[in-house]
Amino acid sequence: MNDSAAGAPLPPPVGLGLVHWIGFQTIVIREYGRIIRIWGQTLVPSAVNATLYFVIFGSLIGRRVGQMGGHSYMQFIAPGLIMMAVISNSYANVVSSFFGAKFGKHVEEMLVSPLPDWLIVAGYAAGGLVRGLLVGVVVTAVTLLFAHLRVEHAAIIAAAVILTSAVFSLGGFINALVAKNFDQISWFPTFVLQPLTYFGGVFYSVQILPGWAQAVSYANPILYMVNAFRYGFFGVSDVDVAGALLIMAAAVAGLFTIAVVLMHRASGIRE
Amino acid sequence: MHALSVRGLTKTYSNGVQALKGVDLDVEEGDFFALLGPNGAGKTTLIGIATSLVNKTSGSLSVFGYDIDRQIEAAKSCIGVVPQELNFNQFESPETIVVNQAGFYGIPRRIARVRAQKYLKQLQLWDKRDKMARALSGGMKRRLMIARALMHEPRLLILDEPTAGVDIEVRRSMWEFVREINSQGTTIILTTHYLEEAESLCRNIAIIDGGHIVERDQMSSLLRRLHTEVFVLNLRDSLAAAPQLAGYPTTLVDGRTLEVEVTKEQSLNDIFMRLSALGIEVLSMRNKVNRLEEIFMRLVEKHGTALEEGPGERGRAGESRPASRSEAAPLRGHGGRS
Ligand SMILES: Nc1ncnc2c1ncn2[C@@H]1O[C@H](COP(=O)(O)OP(=O)(O)OP(=O)(O)O)[C@@H](O)[C@H]1O
Ligand SMILES: [Mg+2]
């Protein structure tokens, strides 16, 4: 009557598919609750930032810049500013929520439950997506106060924003997973993410750069995201849009795999 | 069916501490089981492996037949755990915490809300359900973790020092509560440093020390094995010196307090007759220490690691412990029938 090792696997006590689905929903609901609970930190700052950018760069400086990429400067930067908010908020949401869970130990609530690692990653990434999209909507609303936006390819806009948000949500997850202290969660956004975003064609078209700088810019993944998104509005882009979307989808798959593997190896959360 | 079955389990932490050195243990379904041991013995590590918070180094573990290497999700869905340290989000409310926990186990929200009411009421937290968890008292936080562990109605409930820092009244009501849960069929594994708690609640017991199980027995037969007991007598009149009672070693603690050591074969009547003959009147009597405590101390002392670690610095002491001492443990085999 040895019921420990060797025997054939027993049927599971509950339908695990349903457990997965409800567990996933629960993580997303919890993340949504967090975003709403601290809305002053999660939703408002991006609206304020976007307003400042529009007033200073769009209205004051933009008038002297004139046309950029065939549009008024205000219009040109609008999609980039929305994308910038989506990028930083998706990242910030997951990095602070998951690091908080790790630091406050309540990540253990999920680790002891039957939820598999990939589902926890997916749940947090979906939480980042919720934040990214909510902020995207808020910033778009602000944008419409300053600039007229017409939609050329709605599907491309949706694909670009969802893939971009997913990429940075997963990036935030990985950052939170490997970070050992609070410094290590602010390092990447400040020293990598922000510079890449500013040089990612939010404020200018890469066409105005000298040849070598253009070449360097094409190595910046954010350039592709911003341009694919802008293409959805204007129908013009500095890059090949289909290729850009493909690269983003590949990045989502790659980062997801890395996150799950790291989670499984337990770096930082399981002893 | 074994609720928990452990074979040859070892764990070496990345800093080189060997927390488990080959643990074999079976816990029957329906049991109320005590897992005792001094600080740093490996209790929390063992529980951590069962709940996948700690990755094992070698060996195997199964929960109701589900092997954690092959059917981890099924194994985990059978366990509810109340951890030693607080691990909920202090900024969430008790109700949110327990409802979400149920969700992680696949309980639909509608059902989870009903259960939340049931368990928060039973643990006297219902009127705090909307408060931030941070604002609960220490004892309430412990009870919240018990409610949380019950939300998916697990077949095995593991309690890692649930009564640490809980006042006597609440502790007693918690005992009643877990007794009730156990009588309804839930297997319970309890770790505690209050040995009278283990003695009164648990039917079976294992004592772990230095990463080895040094004793595994029924509570009652373990207590029967205790050969001598020390009784403390409270006397009416003050004595100048300890009286001579043939066959019973005595110590006078102070004028009115006398300690008498009694072996299992001797009788208390005999002692009282002798004391009466000497004109010594006894007002009251008690055990010097809790009987389980006595056994516990002997076992872990013999094993060579008795409480040499202060509670504040467990871990450090574990590292510096010479391996040879543990390896030469005289008690292995004695208790190793698990
Ligand atoms: N995360 C860790 N990293 C390194 N060593 C650890 C870790 N956790 C525990 N240990 C060590 O493993 C040994 C067993 O610890 P464990 O927490 O399992 O003991 P315990 O029996 O639960 O003690 P207590 O009664 O104090 O809770 C100790 O020597 C401890 O220092
Ligand atoms: Mg412990």
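Going by the structure above, here's the rest.
None of these values were measured; they are calculated from a predicted model.

Thresholds applied
- Once a new chain begins, its residue numbering starts again from 1 and follows that chain's sequence as written.
- Following the order in which they are written, the chains are lettered starting with A and the ligands numbered starting with 1.
- Residue-level local features of this predicted model are given only where pLDDT is at least 70; pairs of side-chain atoms are given and counted only at 80 or more, and the full residue set underlies all totals for whole chains, interfaces and linings.
- As a rule here, side-chain values cover all heavy atoms of the structure and leave hydrogens and water aside.
- Starting at the N terminus, helices and strands are each numbered in turn, a helix being any DSSP run of H or I of at least four residues and a strand any DSSP run of E of at least two.
- Note on classification: 1.4 Å probe, protein chains only; a residue is buried when its accessible area is under 20% of the maximum for its type, exposed when over 50%, partly exposed between these limits.
- Working rule for contacts: check all heavy atoms of both residues, and any pair within 4.5 Å makes them a contact.
- Here the accessible surface of atoms and residues is derived via Shrake-Rupley with a 1.4 Å probe, and residues count as covered only by protein chains that are part of the display.
- The donor set covers N, O and S atoms within 2.8 Å of the metal, switching to 3.2 Å for Na, K and Ca, and it leaves out water, so a site may look short of donors.
- Every angle, taken between N-to-C directions, lies between 0 and 180 degrees, and every axis is a line fitted to C-alpha atoms, over only the stretch in contact when it is a helix.
- Left-handed describes a crossing in which the near helix is turned anticlockwise from the far one by less than a right angle; the clockwise case is right-handed.
- Working definition: a ring pair exists when centres of Phe, Tyr or Trp rings (six-membered ring for Trp) sit within 6.5 Å. Plane angles under 30 degrees give stacked, over 60 give edge-to-face, the rest tilted.

### What to know about the overall build of chain A
- Scanning chain A for helices and strands turns up 11 helices and two strands.
- The C-alpha extent of chain A, read off along each of the three principal axes, is 85 × 35 × 35 Å.
- Relative to its full complement of 271 residues, chain A shows a buried share of 52%.
- Sequence-distant contacts in chain A: of pairs separated by 6 or more residues, those separated by 24 or more amount to 81%.
- Accessible surface, chain A as shown: approximately 11900 Å² in total, 71% of it carbon and sulfur.

### Some details on the coordination of the magnesium ion (ligand 2)
All names here are of chain B.
- Surrounding the magnesium ion (ligand 2) are the protein donor atoms Thr 44 (OG1) and Gln 84 (OE1), at 1.9 to 2.1 Å. You can see Thr 44 sitting in helix α1 (residues 43-50) and its partner Gln 84 sitting in the loop between β6 (79-82) and α3 (94-104), a full 40 residues away along the chain.
- When its relative accessible area of 32% is taken as the criterion, Thr 44 is described as partly exposed.

### Some remarks on the packing of helix α1 (residues 16-37) of chain A against helix α6 (residues 117-146) of chain A
Residues and elements named next belong to chain A.
- Between α1 and α6, the least distance of the axes is 9 Å, while the angle of their chain directions is 35°. Along this stretch, α1 crosses α6, giving a crossing that reads as right-handed. Contact with α1, carried on its side by His 20, Gly 23, Phe 24, Ile 27, Val 28, Arg 30, Glu 31, Tyr 32 and Ile 35, involves Trp 118, Leu 119, Ile 120, Ala 122, Gly 123, Tyr 124, Ala 126, Gly 127, Val 130, Arg 131 and Leu 134 of α6 and no other residues of that element.

### So, the packing of aromatic side chains
Residue and element names in this part refer to chain A.
- Under the criterion given, the structure shown has 15 aromatic pairs over all chains.
- With centroids separated by 5.0 Å and ring planes inclined at 65°, the aromatic side chains of Phe 103 and Phe 182 adopt a geometry described as edge-to-face. On the criterion of sequence distance, the pair formed by Phe 103 in helix α4 (residues 73-103) and Phe 182 in the loop between α7 (154-178) and α8 (183-198) is long-range, its members being 79 residues apart.
- A residue is classified by how much of its surface remains accessible, and Phe 103, at 55% relative accessible area, is exposed.
- Looking at Phe 182, the relative accessible area reads 47%, which means it is partly exposed.
- Through successive ring pairs, a cluster of aromatic residues spans Tyr 53, Phe 57, Tyr 198 and Phe 203.

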